[in-house]
Amino acid sequence: MRHFGHIAPEVRQRLFHQEPCEFTADSSARLLSVALGATLYSPATRPRLADDIVKQTGRGVVSMVLCLEDSIGDEDVPDAEENLVRQFTDLAARGGMDLPLLFIRVRTPEQIPDLVRRLGPAARLLSGFVMPKFTEERGIPFLEALATAEAAGGRRLFAMPVLESPELLYRESRVDTLEGISRAVDKYRDRVLALRLGVTDFCSSYGLRRAPDMTAYDVQVVASVIADVVNMLGRADGTGFTVTGPVWEYFRVQERMFKPQLRRSPFLEGQAEELREALIEHAMDGLLREITLDQANGLQGKTCIHPSHVLPVHALSVVSHEEFSDAHDILRSERGGGGVLRSAYTNKMNEVKPHRAWAERTLLRAEVFGVANEDIGFVELLAAGIPE
């Protein structure tokens, strides 16, 4: 699989200076943690789940979570588990298809080895499990269960803990909770692919819900948690993990209080005014702003609950030609001893040693999402990736 693999090769050639790389479920954890991109959630109760997965693959989805937790009722869990086994078995029988990285969001540790056992040979399609309300106390049993299932199945399985508990939100318990989470995930570092943020649960603790005109960063009590999670768990010194962006809840706006947040000029240049209007109508201007703020605050990828959110995440993850040029110059000069140099675009200072970690992350993102041609911006990437 590869990002933007659903569009024609000749279109990719026009869009990309460096095309996204191909990868598989067996690729390195470092690469896969970035390649997750927009992770699409789906209730495990969907009766045509196998067909849905195939359909979304054809639209550019490369990672999905099949949910047995908040998205379904308590009474539906047994039927949802049975449905998952049927749908995985169906997918395995079809064979010869590229499928997304597939994860199951469970409720209890006991579900992990039980589901792997029940899936049988179809478990080869499974990349891992999402673990809800993760703290050190609650999380260790999940990680132990994952290790047991991995040993029994003979296949690598990843964990994606969700950081969403009230203990993490409350100021008086936050540092202790983060230190505990850090101990837990560090002990199982090889199995932890990414940490996911449960911002909806954070808002719930205070009876809050951000409007489509607002981002998670406008809700200060939430923004402070994101900052502390990145501070303690997302460091670039080799101790950190990939932390993914929070879910965007909206896909259509009936009434708008504030002006749209998308400037008109990039869309006029790309002759895509209709695309701009469609994005505004479906609350995508707020999503695009939040994705940009995610990246500025050290987050990668995003939890998505609607297929229309996937392409904006991926389009804004493509490395611009300017970023690529800066990153290359920084790493090349760093090997020569450091210093300060003017950007090849002559619009900024590249300070070699302080910008090295940024450059390394940028080149990894470039490998996964590609590098846009000099004259290509996110508008062209969005327009090219929309299914006809």
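Presented here is a report on the structure given in the accompanying data block.

How each quantity is defined
- Residues numbered from 1 in each chain as written.
- Predicted model: local features only at pLDDT ≥ 70, side-chain atom pairs only at ≥ 80, totals over all residues.
- Heavy atoms only, no water.
- Helix = DSSP H or I, 4+ residues; strand = E, 2+ residues; numbered from the N terminus.
- Contact = heavy atoms within 4.5 Å.
- Areas by Shrake-Rupley, 256 points an atom, 1.4 Å probe, with all protein chains shown as cover.
- Buried < 20%, exposed > 50% of the residue type's maximum accessible area, 1.4 Å probe, protein only.
- Arc of directions from axis to C-beta.
- Axes fitted to C-alpha atoms, helices over the stretch in contact; angles between N-to-C directions.
- Parallel < 35°, antiparallel > 145°, perpendicular 65-115°, else oblique.
- Left-handed = near helix turned anticlockwise from the far one by under 90°.
- Core = buried A, V, L, I, M, F, W, Y, C linked by side-chain atoms within 4.5 Å.
- Pairing = 2+ DSSP bridges.
- Right-handed = clockwise from strand over helix to strand, strands pointing away.
- Phe/Tyr/Trp six-rings, centres within 6.5 Å; stacked < 30°, edge-to-face > 60°.

1. A few points about the overall build of the protein
Here is step 1: A tally of regular secondary structure across the protein gives 17 helices and 12 strands.
Here is step 2: Of the contacts formed within the protein by residues at least 6 apart in sequence, a portion of 76% connects residues at least 24 apart.
Here is step 3: On the protein, roughly 17600 Å² of surface is accessible, and the fraction owed to carbon and sulfur atoms is 49%.

2. Details of helix 17 (residues 378–385)
Here is step 1: Turning to helix 17, its buried residues number three or more, namely Val-379, Leu-381, Leu-382 and Gly-385. An end-on view of helix 17 places all buried positions within 165° of arc, on one side of the element.

3. Comments concerning the packing of helix 8 (residues 171–187) against helix 10 (residues 220–233)
Here is step 1: Running from amino to carboxyl end, helix 8 crosses helix 10 at an angle of 40°, the nearest separation of the two axes being 11 Å. It follows from the interaxial angle that helix 8 and helix 10 lie oblique. Considering the relative orientation of helix 8 and helix 10, their crossing is right-handed. Residue-level inspection shows Arg-174, Val-175, Leu-178, Glu-179, Ile-181 and Ser-182 of helix 8 in contact with helix 10, the latter providing Val-221, Ser-224, Val-225, Asp-228, Val-229, Met-232 and Leu-233.

4. So, the nonpolar core
Here is step 1: Within the largest apolar cluster, 77 residues are counted, with the highest numbers of intra-cluster contacts made by Phe-88, Ile-104 and Phe-129.
Here is step 2: Those residues in contact with Phe-88 that lie beyond four places of it in its chain are Leu-66, Leu-102, Ile-104, Leu-119, Ala-122, Leu-125 and Leu-126.
Here is step 3: With 32 residues, the next largest nonpolar core counts Val-34, Val-62, Leu-193 and Ala-315 among its residues.

5. Considerations on the side chain of Glu-81
Here is step 1: By the secondary structure assignment, Glu-81 is in helix 4 (residues 77–94).
Here is step 2: Overall, the relative accessible area of 11% leaves Glu-81 in the buried class.
Here is step 3: With residues near it in sequence (within four places) discarded, Glu-81 still touches Leu-68, Gln-111, Leu-115 and Arg-118.

6. With respect to unusual backbone geometry
Here is step 1: In this structure, Phe-4 is a non-glycine residue whose phi angle is positive, near 65°.
Here is step 2: On the secondary structure map, Phe-4 appears in the segment before helix 1 (9–15).
Here is step 3: Phe-4 sits in the buried class, given a relative accessible area of 3%.
Here is step 4: Even without a glycine there, the phi angle at Lys-133 is positive, about 45°.
Here is step 5: Position of Lys-133 relative to the elements: it lies in the loop between strand 5 (126–131) and helix 6 (136–153).
Here is step 6: Of the residues examined, Lys-133 reaches a relative accessible area of 27% and is grouped as partly exposed.

7. Comments concerning the pairing of strand 2 (residues 38–43)
Here is step 1: In terms of residue burial, strand 2 counts as a mostly covered element, since five of its six residues are buried.
Here is step 2: In terms of strand pairing, strand 2 meets strand 9 (residues 302–304) through three bridges, oriented parallel. Looking at strand 9, one finds that Leu-40 is bridged to Cys-304.
Here is step 3: The sheet contact formed by strand 2 and strand 3 (residues 63–67) spans five bridges and is parallel. If you follow Pro-43 over to strand 3, its bridge partner there is Cys-67.
Here is step 4: After leaving strand 2, the chain enters helix 3 (residues 49–57) and then returns to the sheet as strand 3, a path that is right-handed.

8. Let's talk about helix 3
Here is step 1: Within helix 3 the residues assigned to the buried category are Leu-49, Ala-50, Asp-52, Ile-53, Gln-56 and Thr-57. Along helix 3, the residues classed as buried sweep out an arc of 160° about the axis, all on the same side.
Here is step 2: Next to the buried residues of helix 3 lie strand 2, strand 3, helix 4 and strand 4 (101–105).

9. A look at the packing of aromatic side chains
Here is step 1: Inspection of the entire model under this criterion finds three aromatic pairs.
Here is step 2: When the centroid spacing of 6.3 Å and the interplanar angle of 85° are considered together, the rings of Tyr-170 and Tyr-206 count as edge-to-face. Highlighted residues: Tyr-170 in the loop between helix 7 (166–169) and helix 8 and Tyr-206 in the loop between helix 9 (199–204) and helix 10, separated in sequence by 36 residues.
Here is step 3: Tyr-170 gets classed as partly exposed once you look at its relative accessible area, which sits at 29%.
Here is step 4: Relative to Tyr-250, the ring of Trp-248 lies with its centre 6.0 Å away and its plane at 65°, an arrangement referred to as edge-to-face.

10. As for the side chain of Asp-294
Here is step 1: Among the structural elements, Asp-294 can be located in helix 13 (residues 284–296).
Here is step 2: Those residues in contact with Asp-294, other than ones at most four positions away along the chain, are Tyr-217, Gly-245, Pro-246, Leu-299 and Lys-302.

11. A look at the environment of Cys-203
Here is step 1: Tracing the backbone through its elements, the reader meets Cys-203 in helix 9.
Here is step 2: The exposure class assigned to Cys-203 is buried, which follows from its relative accessible area of 4%.
Here is step 3: In this structure the C-alpha to C-alpha distance between Cys-203 and Glu-164, which are 39 residues apart in sequence, comes to 9.7 Å.
Here is step 4: Not counting residues within four places of it along the chain, the set of residues in contact with Cys-203 comprises Leu-208 and Val-222.

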